[in-house]
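Residues per chain, in single letters:
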Amino acid sequence: MFWPMLAIALGFAGLAVLGVLAVKVFVEAQRLAGQVAETTRRINRAAEDLERAATTLADTGEAL
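Residues numbered from 1 in each chain as written. Predicted model: local features only at pLDDT ≥ 70, side-chain atom pairs only at ≥ 80, totals over all residues. Heavy atoms only, no water.

- In the annotation of an unreviewed UniProt entry, the entry for the protein reads Secreted protein, and the organism field reads Streptomyces mutomycini.

As structure tokens, then:
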């Protein structure tokens, strides 16, 4: 009777550990998604600045 109870207890403990790890993975994935979104915004802003600078340079006809 001891071994089946031990196996059930270890099974529940294993599921609890997997649940905790799943929550950690979810939280880190959300954090990564936020960082990717912020980086995308920065890249888009830099691309707009570059396009604006290139347009200004082309309009003025200045050479580097």
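### Some words on the UniProt feature "coiled-coil region" (unreviewed entry) in the protein
Right, so step 1: Sites flagged by UniProt as "coiled-coil region" (unreviewed entry) map to residues 29–56.
Right, so step 2: The annotated region residues 29–56 carries 100% helix and 0% strand content, and the separation between its end C-alpha atoms amounts to 40 Å. (UniProt positions renumbered as here; feature names shortened; annotations may be inferred. Helix = DSSP H or I, 4+ residues; strand = E, 2+ residues; numbered from the N terminus.)

### As for the packing of aromatic side chains
Right, so step 1: Under the criterion given, the structure shown has one aromatic pair.
Right, so step 2: Plain terms: the ring middles of phenylalanine 2 and tryptophan 3 are 5.2 Å apart, the flat faces sit at 70 degrees to each other, and that makes the pair edge-to-face.
Right, so step 3: Note on tryptophan 3: relative accessible area 63%, which makes it exposed. (Phe/Tyr/Trp six-rings, centres within 6.5 Å; stacked < 30°, edge-to-face > 60°. Buried < 20%, exposed > 50% of the residue type's maximum accessible area, 1.4 Å probe, protein only.)

### Brief notes about the pattern of salt bridges
Right, so step 1: One pass over the full model with this rule turns up four salt bridges.
Right, so step 2: Between arginine 31 and glutamate 28 there is a salt bridge; the shortest N-O distance is 2.7 Å. Taken as a pair, arginine 31 and glutamate 28 lie in helix α1 (residues 2–60) at a separation of three residues, close to a single helical turn.
Right, so step 3: With a relative accessible area of 41%, glutamate 28 lands in the partly exposed category.
Right, so step 4: Of the charged contacts, one joins arginine 41 and glutamate 38 as a salt bridge, the two residues approaching to 2.9 Å between their closest N and O atoms. Here the residue arginine 41 and the residue glutamate 38 both occupy positions in helix α1, the gap between them amounting to three residues, near one helical turn.
Right, so step 5: Here the salt bridges do not stand alone but share partners, grouping Glu38, Arg41 and Arg42 into one network. (Salt bridge = Lys/Arg side-chain N within 4 Å of Asp/Glu carboxyl O.)

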